[in-house]
Amino acid sequence: MIPTYKPVDTTELPEAFVNEPFVDIASYSNGLILVDMQYFKHKCKGAINVAYVRKSVADMLIKAAHTLPDGIHIKVWDAWRSIETQTYLYNKNYNQIKQEYPYLKDPELIERVEQFISKPGPNYLHGTGGAIDVTLVDDNGNDLDMGTQFDEFNNKTRTDYFEHRYNLRILFNRRILYDTMIKAGFVNNPEEWWHFDYGDAIWAVLTNNKIKYKSVFDIGGIYA
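Thresholds, definitions, all that
- Within each chain, residue numbers correspond to sequence positions counted from 1 in written order.
- Owing to the predicted nature of the model, reporting of local features is limited to residues with pLDDT of at least 70; listing and counting of side-chain atom pairs is limited to 80 or more, with chain, interface and lining totals taken over all residues.
- The side-chain numbers reported here are obtained from all heavy atoms of the structure, hydrogens and water having been left aside.
- A pair of strands counts as paired when DSSP detects no fewer than two bridges linking them.
- Labels follow the DSSP assignment, with helices taken as runs of H or I lasting at least four residues and strands as runs of E lasting at least two, numbered in each case from the N terminus.
- In what follows, residue pairs with any heavy atoms lying within 4.5 Å of each other are defined as contacts.
- Each axis is a line fitted through C-alpha atoms, taken for helices only over the stretch in contact, and angles between the N-to-C directions span 0 to 180 degrees.
- The term nonpolar core refers to a set of buried residues drawn from Ala, Val, Leu, Ile, Met, Phe, Trp, Tyr and Cys, joined through side-chain atoms within 4.5 Å.
- Remark: exposure states derive from per-residue accessible area (1.4 Å probe, protein chains only) relative to the maximum for the residue type, with buried under 20%, exposed over 50%, and partly exposed in between.
- Here the angle decides the label: under 35 degrees means roughly parallel, over 145 means roughly antiparallel, 65 to 115 means roughly perpendicular, and every other value means oblique.
- Crossing handedness is read from the near helix: turned anticlockwise from the far helix by less than a right angle, it gives a left-handed crossing, and turned clockwise, a right-handed one.
- Charged residues are taken to be Asp, Glu, Lys and Arg, nonpolar residues to be Ala, Val, Leu, Ile, Met, Phe, Trp, Tyr, Cys and Pro, and polar residues to be all remaining types, Gly included.
- Stacked, edge-to-face and tilted are the three classes for Phe, Tyr and Trp ring pairs, Trp counted by its six-membered ring, which pair at centre distances within 6.5 Å; planes under 30 degrees apart are stacked, over 60 edge-to-face, the rest tilted.

Student: How would you sum up the sheet that holds strand β4 (residues 73–78)? Please name residues and give values.
Tutor: Here we have five strands laid out as an open sheet, ordered β2-β4-β5-β7-β6, and mixed in their pairing. Two strands lie at the open edges of the sheet, namely β2 (34–35) and β6 (187–188), each paired on one side alone. Across two bridges, β6 lies against strand β7 (residues 195–197) in antiparallel orientation. Within the sheet, the bridge partner assigned to Val-187 lies in β7 and is Asp-197. Contacts from helix α3 (residues 55–66) reach β4 and β5 (131–137), with the element oriented near 145 degrees to β4.

Here you go:
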């Protein structure tokens with residue numbers, strides 16, 4: 001069963017940074033981990049078409065992939081994200097929510113925005129190389145039904161949403177993804193069924209550890 005968590009507060013966390021290299025997960029895994037970079041596909045500003053993650057994250061993903069049932073595979077939608085892309089997504093989400101909820105005052109508006117997109121800055125999750133967005137596919141590369149699309153920001157994206165709704169197919173698929181990733185050592189962002197973390201701020205909160213990876217604004221020349 002997928003547990004219910006409250007939104008994670010990642011402010012004022014202790015840090016113990018580790019200088020660990022980035023790897024291209026598609027090459028590093030010899031194609032075991034599939035990659036379909038969504039922000040590059042949709043031509044978001046600054047988006048790249050390579051899934052860079054910290055080496056430990058790559059090893060954990062490979063471990064997770066080897067424990068999946070036959071015929072099911074991991075596909076990465078997003079990994080390391082540039083500060084330019086993060087800023088673009090933050091502003092886009094801010095403007096969209098402001099239009100949908102014009103009565104919200106700025107503190108409430110920002111809180112809603114940051115429920116899904118972390119503020120660009122020193123510890124934005126997808127700048128660390130420890131945050132990844134993943135789904136499951138079949139042998140033909142078809143996405144399994146997870147109940148929502150990627151970045152479909154509403155209550156259905158909460159990882160535990162279908163624990164309380166009768167849809168066994170979606171519930172089964174979400175549980176496979178969740179259980180596989182948790183057993184490999186990741187934690188899950190409870191607001192997004194596709195988002196998993198290791199070494200970043202969400203991981204630090206949920207495991208009572210110090211942050212291992214700080215955001216890197218430019219990985220040119222520092223990946224393995």
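Student: Before we move on, can you summarise the nonpolar core with the specific residues and values?
Tutor: In this structure, Leu-61, Ile-74, Ile-132, Val-134, Leu-136, Met-181 and Phe-186 are the most contacted members of the largest nonpolar core, which totals 57 residues. If you list the elements that add at least two residues to this core, you get α3, β4, α4 (83–100), α5 (106–113), β5, α6 (168–183) and α7 (201–207). Excluding residues that lie within four positions of it along the chain, Leu-61 makes contacts with Ile-25, Ile-33, Ile-74, Val-76, Ile-132, Val-134, Met-181 and Phe-186. Residues Phe-22, Tyr-52, Val-216 and Ile-219 belong to the second largest nonpolar core, which totals five residues.

Student: Help me get a handle on unusual backbone geometry, residues and values and all.
Tutor: At Lys-43, a residue that is not glycine, the phi angle is positive and equals roughly 60 degrees. On the secondary structure map, Lys-43 appears in the loop between α2 (38–41) and β3 (52–54).

Student: Describe in detail the packing of α4 against α5, supporting the description with residues and values.
Tutor: Put simply, α4 and α5 touch, their axes get as near as 9 Å, and they point 125 degrees apart. Regarding the angle of α4 to α5, the classification is oblique. Considering only the axes of α4 and α5, their crossing is right-handed. Between α4 and α5, the residues in contact are Tyr-90, Asn-93, Tyr-94, Ile-97 and Lys-98 and Asp-106, Leu-109, Ile-110, Arg-112 and Val-113, respectively. Residues of the contact of α4 with α5, tallied by class, amount to six nonpolar, one polar and three charged.

Student: Explain the packing of aromatic side chains to me, using residue names and the numbers behind them.
Tutor: This model, assessed by the stated rule, comprises twelve aromatic pairs. Between Tyr-161 and Phe-162 the ring centres are 5.0 Å apart and the planes differ by 80 degrees, which places this aromatic pair in the edge-to-face class. Given the relative accessible area of 16%, Tyr-161 is considered buried. Given a relative accessible area of 8%, Phe-162 falls into the buried group. With a centroid separation of 6.1 Å and 65 degrees between ring planes, the pair formed by Tyr-198 and Tyr-213 is classed as edge-to-face. Here Tyr-213 lies in the segment after α7 and Tyr-198 lies in the loop between β7 and α7, a separation of 15 residues in the sequence. According to the relative accessible area criterion, Tyr-213 is buried, its value standing at 0%. Among the aromatic residues, those joined into a ring-pair cluster are Tyr-39, Trp-77, Phe-116, Phe-150, Phe-153, Trp-193 and Trp-194.

Student: Got a sec to walk through the environment of Ala-16? Specific residues and values, please.
Tutor: Among the secondary structure elements, Ala-16 is positioned in the segment before β1 (22–24). By relative accessible area, which is 37% here, Ala-16 ends up partly exposed. For Ala-16 and Lys-212, which are 196 residues apart along the polypeptide, the C-alpha to C-alpha distance reads 5.4 Å. Among residues more than four places away in sequence, those in contact with Ala-16 are Lys-210, Ile-211 and Lys-212.

Student: Residues and numbers for the pairing of β5, please.
Tutor: Of all the seven residues making up β5, seven are buried; the element is thus mostly covered by neighbouring parts of the structure. Both faces of β5 are covered, namely the face carrying Ala-131, Asp-133, Thr-135 and Val-137 and the face carrying Ile-132, Val-134 and Leu-136. Pairing geometry for β4 and β5, over five bridges, is antiparallel. The residue bridging Val-76 from the neighbouring strand is Val-134, located in β5. Sheet analysis places β5 next to β7, joined by three bridges and oriented antiparallel. Its bridge partner being in β7, Ile-132 is matched across the sheet by Phe-196.

Take it as geometry only, folks, not as evidence of what the structure does.
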